[in-house]
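Residue-level structural notes
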Amino acid sequence: MIAPTPRQGRLADAPVVLRGGQWWLDGGAGSVPASDPAFTASLDDFALSMAAADHAVANLLLRQDEASAVEPGGWR
């Protein structure tokens, strides 16, 4: 199984963005790189957790689709 990795882009509707492996605080006046190691480590952990959750949901949906294709009248 491939380990999930954080994706480039905005993190879960939060004002932080991952660009080129660097976290940025994104506000109306512009963007500032996040430089606090504890904060960026927390962002990394959260992004990995979100990626793992997305992966798990995608697998569940795939298995549900496979099961309904095999069993006529299966639930959806």
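Everything below is about the structure shown above.
Residues numbered from 1 in each chain as written. Predicted model: local features only at pLDDT ≥ 70, side-chain atom pairs only at ≥ 80, totals over all residues. Heavy atoms only, no water.

To continue, consider the pairing of strand S2 (residues 16-19). Bridge count between strand S1 (residues 9-10) and S2: two bridges; the pairing is antiparallel. Considered in S2, the bridge of arginine 10 is made with valine 17. Linking S1 back to S2 in an antiparallel pair, the connection comprises five residues, with alanine 12 at a positive phi of about 40°. Relative to strand S3 (residues 22-27), S2 is paired through four bridges, and the arrangement is antiparallel. The residue bridging leucine 18 from the neighbouring strand is tryptophan 23, located in S3. Count of turn residues in the S2/S3 antiparallel hairpin: two residues, of which glycine 20 carries a positive phi of about 60°. (Pairing = 2+ DSSP bridges. Helix = DSSP H or I, 4+ residues; strand = E, 2+ residues; numbered from the N terminus.)

With that out of the way, let us pick up the pattern of salt bridges. One pass over the full model with this rule turns up one salt bridge. Residue aspartate 26 pairs with arginine 10 through a salt bridge whose shortest N-O separation is 2.5 Å. Placement of the pair is aspartate 26 in strand S3 and arginine 10 in strand S1, with a sequence separation of 16 residues. Here aspartate 26 falls in the partly exposed class, since its relative accessible area comes to 22%. (Salt bridge = Lys/Arg side-chain N within 4 Å of Asp/Glu carboxyl O. Buried < 20%, exposed > 50% of the residue type's maximum accessible area, 1.4 Å probe, protein only.)

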